[in-house]
Amino acid sequence: MSMRAESTMATRPSLFVTAAPPPQFGPRTGTLTIAREETGTVHRTETPALLTATSRGIVPHLSRDHVHLTRAIQHVQLPFESFIYRNPPVPTLVDGAHPLHTFLGYSPESHIITMTLRDPSDGRKMPPNGHDFVCAHCTRGVRKVTASHWSTYVHKCKPDIVVALSDTPFTPPPHSQKRLTKSIERSLAWLSSILKVPVQSNQNDSRPRHVLVQLAGGVSCEARAEFADRLTDPVEDRDAAELAPFNTLDEGVAGYVFDLLPLRAALAAKSGKLVDEGDLAGGLVRTSDRHCSSPDSSARLAELLQSSLQPLPQEKPRVLNSPASPHEVLRLMRDVGVDLVDSFWAQRAADMGVALDFRFPAPDDAIGPRLADCSPPRKRKGGKSDLGHNLYDSAYVHDHSRLASSFLDGYTAASLRTTNCPVCECCACSPHAPASRILHSAVDAQAWQDASCGTAPSALLPPSTRAYVHHLLHTHEMSAHALLAMHNLTVFSAFLAGVRTVIGGGQEAFAREVERFEAAYDEDMALWAEAELMWLEVERARGKGRLAREKEKQKESTVGTAVEM
C-alpha cells in the first residue's frame, strides 16, 4: 500500500460502525460514533436513531431542563439560517471547544449537533440560488450565503457534523434539465469548497471532520446517478493539493442526506397532482403539513434514493429528513436503508395537540386486562387505528388515563412489577419528584424534611392525564406542548428501538412486521386534519379580534333561539 493510500485511510472520516458489512439496500443496524478528541470520550448511538429538529437551535417548547431529562434527544439538527440576520452571526462569537453546545445549552457528553444551513422541514418558496450563493430565510427576510461564508461559520462554530451546501431548488416545480445540471455542478463545487484546505495554511483543524452531502439530482434517476458518479470520480489536478489526501470527493464525505420535502413536491408536480396548500392560517400551518405518504409515493422515493446510492459505499450513514409518516419511514428502511431519521413529524404533532400512541412491532388487539383502564386510539372506517389522540377534542375532558395506551407509565409499571408492555419514560408519563427543591423560607424546609411527606426525592409520580393536557391546551398553557413534545419524541424513539430489535431477526421478519404495521395504523392522517382545525380554532380564540370572533360565534350558535330585549 502506498504512503498516500495509508494517509487517506488515516484521515478519512468515519461515523458508522457495523458488526458485518451492511447491505446496499435493505434494513440495517449499526453504531454512529463521535470521538471527542479533547476529552478522549466517544459518543455512541445505536441506529436507526432519532434526529431531533430545532428552531433557532432550540427544541420547540422545551427548556434546557426538559432537553436534559428527555433521553430520546441525543442527535440535534441545527438550521443555521435563523442566525444569519446579524453579521457576524452570534454563535460565531462564542469561544471554546464546543461553541454551539455552550451557546445553546446542550451537553457535549450527551448531545451531537448537526449543523445545516436551511431547515429541511421548511418548504416555502424561495428565490433561486445563484452561481456562488444559497438563499436562506431568517427573521429579516432572505439572505445570500456563499460557500466561503459557510466555511467560516463552520470553522468558528465547530459542529460535530456539518451538511455541505447544496443547490436544492425551492422555486415552484417542475424544474428543467438545465436547472438540474446547474444543481449538480454547484453542489459539487460547494462540497469541494468545504473540503479544501489552503496549501499555505498547514492547519489540521481547518477541515471539518464529519461532512455530510445532500445527494442532488431532483426527481430524475439519471441526474441523481450522475451526481453520485461524480462524487467517486478522481479529483481534478488543480484541486488535488487542497483536497489531499482525498482522491475523490466521496472520500471526504462521512455520510449522505436525503431531503424528502422538495422531492415530494417535485413528484407531485410531475404527476400533475400539486399539493393543495389551502389556507396556511397566517403562517401557523406549514406547507409540509399538507403532505401525505402512501405505498406508491414511498416506492417512487425509494427508486430515487436507490439511484443515488447505487455507486456509493454502503458503510456510510444515511440521514432521512422530513418523512411524512412512520409508514414511510418503515418502507424506506425496508427498501433503501436509513440510519438517522428526522423527528419533525412527531414534533409537529405536539404543536397540534396530538399525543402519539403507537409502537413497532404493532401490538396485538388484546394487550391484556391490565391495560383496560386506558382507551386505545380511535379506529377509522377501515378498521385501522389512529397514530395518537387529538387532545384538543372535547372527548378527553374527563379522560383521566395516561397519554398512550401502547405504553405503561412508570408509576403503574412499578406497581405491576411484571408486564409485557413497554414503559414510556418521558416526563409526562413517568415524572419523578425533584431530587431537591428551592427553599424560600423555613416553612418550606420543614415541609421538605417532614417524614410524613408523601413524595420522597426522585420518587415516581402518577402520569399527566389526557384530561389535564386537554385543559392546558384550551387555556393556552405552554406546558401542554412541552409535555406533548417530550412524550412524542420518546414514543418515536421507542418506535426506532423496536425497529432495531426486529431488524435483528432478519429482513423477512422485518418485512412481515412492516406489513402488520401498515394494516394496524391509519396512514391517511385523518387525525391530523381534525387536530389542525381544532388547534387553529383555539389559537384564534385569543389575540387581536378575539372578542369580535366570540360574539360572532355566539350569534351563530343562538340563531332562532335568541330573544331581543
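Nothing here was measured: the structure is a model prediction, and the numbers come from that model. (Residues numbered from 1 in each chain as written. Predicted model: local features only at pLDDT ≥ 70, side-chain atom pairs only at ≥ 80, totals over all residues. Heavy atoms only, no water.)

**Section: the overall build of the chain**
Piece 1. A count of helices and strands for the chain gives 18 helices and 15 strands.
Piece 2. Buried positions account for 51% of the 565 residues belonging to the chain.
Piece 3. Within the chain, residue pairs in contact and separated by at least 24 positions form 73% of the contacts whose partners lie at least 6 positions apart.
Piece 4. Roughly 26700 Å² of accessible area belongs to the chain as shown, and the carbon and sulfur atoms make up 53% of that amount. (Helix = DSSP H or I, 4+ residues; strand = E, 2+ residues; numbered from the N terminus. Buried < 20%, exposed > 50% of the residue type's maximum accessible area, 1.4 Å probe, protein only. Contact = heavy atoms within 4.5 Å. Areas by Shrake-Rupley, 256 points an atom, 1.4 Å probe, with all protein chains shown as cover.)

**Considerations on helix α8 (residues 260-270)**
Piece 1. In terms of residue burial, α8 counts as a mostly covered element, since nine of its 11 residues are buried.
Piece 2. Taken residue by residue, α8 has Leu 260, Leu 261, Pro 262, Leu 263, Arg 264, Ala 266, Leu 267, Ala 268 and Ala 269 as its buried positions.
Piece 3. Phi turns positive, to about 80°, at Gly 272, one or two residues after α8.

**Structural notes on the nonpolar core**
Piece 1. In this structure, Trp 150, Leu 191, Phe 358, Phe 495 and Trp 528 are the most contacted members of the largest nonpolar core, which totals 119 residues.
Piece 2. Tallying contributions element by element places helix α15 (residues 478-503) first for this core, with 14 residues.
Piece 3. In this structure, Leu 32, Ala 49, Leu 51 and Ala 254 belong to the second largest nonpolar core, which totals 14 residues. (Core = buried A, V, L, I, M, F, W, Y, C linked by side-chain atoms within 4.5 Å.)

**What about the environment of Trp 345?**
Piece 1. Tracing the sequence through the fold places Trp 345 in helix α11 (residues 344-351).
Piece 2. Accessibility expressed as a relative area gives 8% for Trp 345, which makes it buried.
Piece 3. Here Trp 345 is in contact with Pro 323, Ala 324, Ser 325, Pro 326, Leu 356, Phe 358, Leu 387, Phe 492, Met 525 and Trp 528, once residues within four sequence places are set aside.
Piece 4. A polar contact of 3.2 Å, which involves the side chain of Trp 345, links it to the backbone oxygen of Ala 324. (Polar contact = N/O pair within 3.5 Å; in protein donor to acceptor, adjacent residues only side chain to side chain.)

**Focus on the environment of Ser 307**
Piece 1. Within the element layout of this structure, Ser 307 appears in helix α9 (residues 295-309).
Piece 2. Taking the relative accessible area as the measure of exposure, Ser 307 reaches 13% and is therefore buried.
Piece 3. Separated by 79 residues in the primary sequence, Ser 307 and Ala 228 have C-alpha atoms spaced 8.5 Å apart.
Piece 4. A distance of 2.5 Å separates a polar atom in the side chain of Ser 307 from the backbone oxygen of Leu 304.

**Here we look at the sheet that holds strand β1 (residues 16-17)**
Piece 1. Strand order in this open sheet of three strands is β1-β2-β3, and the pairing throughout is antiparallel. Of all the strands in the sheet, the pair left with one neighbour each is β1 and β3 (41-47).
Piece 2. Both β1 and strand β2 (residues 30-36) contribute to a ladder of two bridges, which runs antiparallel. In the sheet register, Phe 16 faces β2, and the bridge partner there is Leu 32. (Pairing = 2+ DSSP bridges.)

**Notes on the confidence of the model for the chain**
Piece 1. Mean pLDDT for the chain: 86, with 84% of residues reaching 70 or above.
Piece 2. In the predicted structure, residues 1-11 sits below a pLDDT of 50 and forms 12 contacts with residues beyond four places in sequence or in another chain.
Piece 3. For the stretch residues 366-370, pLDDT sits under 50, and the model shows three contacts to residues farther than four places along the chain or on other chains. (pLDDT = per-residue confidence, 0-100.)

**Structural notes on the sheet that holds strand β5 (residues 75-79)**
Piece 1. The strand order β4-β5-β6-β9-β10-β11-β12-β13 describes a closed barrel built from eight strands, whose pairing is parallel. For this sheet the average axis-to-axis angle between neighbouring strands, irrespective of direction, equals 25°.
Piece 2. The sheet strands contacting α8 are β11 (255-259) and β12 (318-321), and the helix crosses β11 at an angle near 45°. (Axes fitted to C-alpha atoms, helices over the stretch in contact; angles between N-to-C directions.)

**Digging into unusual backbone geometry**
Piece 1. In this chain, Asn 87 is followed by Pro 88 through a cis amide linkage whose omega measures 0°.
Piece 2. Mapped onto the elements of the fold, Pro 88 is located in the loop between β5 and α3 (99-104).
Piece 3. Residues Ala 244 and Pro 245 are joined by a peptide bond in cis, for which omega reads 10°.
Piece 4. Inspection of the secondary structure assignment puts Pro 245 in the loop between α7 (237-243) and β11.
Piece 5. Its identity is not glycine, yet Arg 56 carries a phi of approximately 55°, on the positive side.
Piece 6. Structurally, the position occupied by Arg 56 is in the loop between β4 (49-53) and α2 (64-69).
Piece 7. A positive phi is found at Lys 158, a non-glycine position, where the angle reads about 55°.
Piece 8. Topologically, Lys 158 is positioned in the loop between α4 (147-157) and β9 (161-163).

**What about the pairing of β12?**
Piece 1. Judged by which residues are buried, β12 turns out to be covered on both faces: Arg 318 and Leu 320 on one side and Val 319 and Asn 321 on the other are all buried.
Piece 2. In this sheet, β12 lies alongside β11 in parallel orientation, the contact comprising four bridges. Within β12, the residue paired with Asp 259 across the bridge is Asn 321.
Piece 3. The handedness of the β12 to strand β13 (residues 340-342) crossover, carried by helix α10 (residues 326-335), is right-handed. (Right-handed = clockwise from strand over helix to strand, strands pointing away.)

**A look at the packing of α4 against helix α5 (residues 177-195)**
Piece 1. At their nearest, the axes of α4 and α5 sit 9 Å apart, and the two run at 40° to each other. Here α4 lies oblique to α5, going by the angle between them. Crossing hand, α4 versus α5: right-handed. Counting all contacts with α4, which are made through Ala 147, Trp 150, Ser 151 and Val 154, the residues of α5 involved are Trp 190, Ser 193 and Ile 194.
Piece 2. Its residues placed into classes, the contact of α4 with α5 shows five nonpolar, two polar and no charged. (Parallel < 35°, antiparallel > 145°, perpendicular 65-115°, else oblique. Left-handed = near helix turned anticlockwise from the far one by under 90°. Nonpolar A, V, L, I, M, F, W, Y, C, P; charged D, E, K, R; others polar.)

**Some thoughts on the packing of α5 against helix α6 (residues 221-232)**
Piece 1. The N-to-C vectors of α5 and α6 enclose an angle of 25°; their axes lie 10 Å apart at closest approach. Overall, the two elements α5 and α6 adopt an arrangement that is roughly parallel. The handedness of the crossing between α5 and α6 is right-handed. Where α5 approaches α6, its residues Leu 180, Ile 184, Glu 185, Ser 187, Leu 188 and Leu 191 are matched on the opposing element by Ala 223, Glu 226, Phe 227, Arg 230 and Leu 231.
Piece 2. Taken together, the residues of the contact of α5 with α6 break down into seven nonpolar, one polar and three charged.

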